Amino acid sequence: MRTIFIADAHLRHENDRNYRLLMEFLAGLRGTADTLYILGDLFEFWIGYDRIPFTHYLPLLGLLQELAASGVRIVYLEGNHDFHLGPFFTETLGATVHPGPAEVEIGGKRVYLCHGDEVNRHDYPYRLLRFILHNRLTKAVVPLVPPAVASWIADRMARESRKQHGERRQRWDYAALLRDFAAERFREGSDVVVSGHFHLPFIETGGGKTLVSLGDWLTHFTYGEWEEGVFSLKTYRGSGA
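Since the structure is predicted, the reported quantities are computational estimates derived from the model, not experimental observations.

As for the pattern of salt bridges
- Counted under the stated rule, the structure contains twelve salt bridges.
- A salt bridge links glutamate 188 to arginine 185, with the shortest nitrogen-to-oxygen separation between them at 3.0 Å.
- Overall, glutamate 188 belongs to the exposed group, its relative accessible area being 51%.
- Judged by its relative accessible area of 6%, arginine 185 is buried.

Examining the pairing of strand 11 (residues 209-214)
- The buried count for strand 11 comes to five of six residues, which makes it a mostly enclosed element.
- Bridge count for strand 9 (residues 192-195) against strand 11 is four bridges, and the pairing is parallel. Paired with valine 194 across the strands is valine 212, a residue of strand 11.
- The sheet contact formed by strand 10 (residues 201-206) and strand 11 spans six bridges and is antiparallel. Counterpart to glycine 206 in the pairing with strand 11 is lysine 209.

Things to note about the packing of helix 1 (residues 17-27) against helix 2 (residues 58-69)
- Packing of helix 1 against helix 2 leaves a shortest axis separation of 10 Å and a crossing angle of 10 degrees. On the basis of the axis angle, helix 1 is roughly parallel to helix 2. On the side of helix 1, the interface is formed by Tyr19, Met23, Leu26 and Ala27, while helix 2 contributes Leu58, Pro59, Leu60, Leu63, Leu64 and Leu67.
- Residues belonging to the contact of helix 1 with helix 2 are distributed by class as follows: ten nonpolar, no polar and no charged.

Focus: the nonpolar core
- Ranked by size, the top nonpolar core spans 43 residues in total, and within it Ile6, Phe25, Leu26, Leu42, Leu64, Phe89 and Trp217 carry the most contacts.
- At the level of elements, strand 1 (2-6), helix 1, strand 2 (33-38), strand 3 (46-47), helix 2, strand 4 (73-77), helix 3 (87-92) and helix 6 (147-171) are the ones that each hand at least two residues to this core.
- In terms of nonpolar packing, the next biggest core, distinct from the first, is built from 16 residues, Leu39, Val192, Leu214 and Trp226 among them.

Here we look at the side chain of threonine 3
- When you line up the elements, threonine 3 lands in strand 1.
- Judged by relative accessible area, which is 5%, threonine 3 ranks as buried.
- At 3.2 Å, the side chain of threonine 3 forms a polar contact with the side chain of aspartate 34.

Describing the packing of aromatic side chains
- Scanning all chains against the criterion turns up 19 aromatic pairs.
- Aromatic pair tryptophan 46 and tyrosine 57: ring centres 6.3 Å apart, planes at 50 degrees, arrangement tilted. Here tryptophan 46, found in strand 3, pairs with tyrosine 57, found in the loop between strand 3 and helix 2; they are eleven residues apart in sequence, far enough to count as distant.
- For tryptophan 46, a relative accessible area of 2% corresponds to the buried category.
- When the ring of tyrosine 76 is compared with that of phenylalanine 89, the centres are 5.2 Å apart and the planes differ by 75 degrees; the resulting orientation is edge-to-face. Of this pair, tyrosine 76 sits in strand 4 while phenylalanine 89 is found in helix 3, placing the two residues 13 residues apart along the sequence. Taken individually, tyrosine 76 and phenylalanine 89 each receive the classification buried, so the pair is uniform in this respect.
- Ring pairs connect the aromatic residues Phe43, Phe45, Trp46, Tyr49, Phe54, Tyr57, Tyr76, Phe88 and Phe89, which therefore count as one cluster.
- The positively charged end of arginine 185 is found above the aromatic ring belonging to tyrosine 112, 5.6 Å away from the centroid.
- Residue placement shows arginine 185 over the ring face of phenylalanine 181; its charged tip is 4.5 Å from the ring centre.

Focus: the sheet that holds strand 10
- One open sheet accounts for five strands, arranged 7-8-9-11-10; its pairing is mixed. Taken across any chain shown, the strands that pair with only one partner, and hence form the sheet edges, are strand 7 (102-106) and strand 10. Sheet twist, expressed as the mean angle between neighbouring strand axes with direction ignored, is 15 degrees.
- Across the sheet, helix 7 (residues 174-187) is in contact with strand 8 (109-114), strand 9, strand 10 and strand 11; its angle to strand 11 comes to roughly 140 degrees.

What counts and how
Residues numbered from 1 in each chain as written. Predicted model: local features only at pLDDT ≥ 70, side-chain atom pairs only at ≥ 80, totals over all residues. Heavy atoms only, no water. Salt bridge = Lys/Arg side-chain N within 4 Å of Asp/Glu carboxyl O. Buried < 20%, exposed > 50% of the residue type's maximum accessible area, 1.4 Å probe, protein only. Helix = DSSP H or I, 4+ residues; strand = E, 2+ residues; numbered from the N terminus. Pairing = 2+ DSSP bridges. Axes fitted to C-alpha atoms, helices over the stretch in contact; angles between N-to-C directions. Parallel < 35°, antiparallel > 145°, perpendicular 65-115°, else oblique. Contact = heavy atoms within 4.5 Å. Nonpolar A, V, L, I, M, F, W, Y, C, P; charged D, E, K, R; others polar. Core = buried A, V, L, I, M, F, W, Y, C linked by side-chain atoms within 4.5 Å. Polar contact = N/O pair within 3.5 Å; in protein donor to acceptor, adjacent residues only side chain to side chain. Phe/Tyr/Trp six-rings, centres within 6.5 Å; stacked < 30°, edge-to-face > 60°. Lys NZ or Arg CZ within 6 Å of the ring centre and 35° of its normal.

What follows is the structure in structure tokens.
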């Protein structure tokens, strides 16, 4: 059985290509995977209410429920577009939810998992924004905010973030940031570091250590896989490829 790692699908509408391809990929995990790790930003925006107001995500949520019922364990690390996940994930899916990085054991290896949005310690404006969005006060206020208002705010923030994405890529060397961050985790005893967020797919192995940057499901359609003691990075082409 395989262990699968995905991140950064930024799903919006069920007719979008990346939404359809991810649904197809996830459906293929029944009976072939034991654990699905979602390392954040599966959705363009998700914040947990007691009910599910974001009806465009119902097909995906239904499929995740089917996977959980089939025996696939789901572990979700919150990202910067999906946080305070709410009762559907913890109660309905029985998922393990981490608000930040987590270290797990897979096949005898210490595996450090993170969305990756805290890797760049020098991006102070973002770190302040993350603190505001992820703190307990924001979580307590969420039920008081109409979902339509929350979605409008999130859409404005997402558009602004996309505008700044090119500027950030020019300013920061994402691969170097990840390598430095992973080197610190390796010195602390981790054997493997798996990260999302940067939309940059690559895998590097050396000295018994492995760094996996998962890429995304927007343009790369990449995912991490652990099988028979080996970590790999693969690309999903679709059933018609």
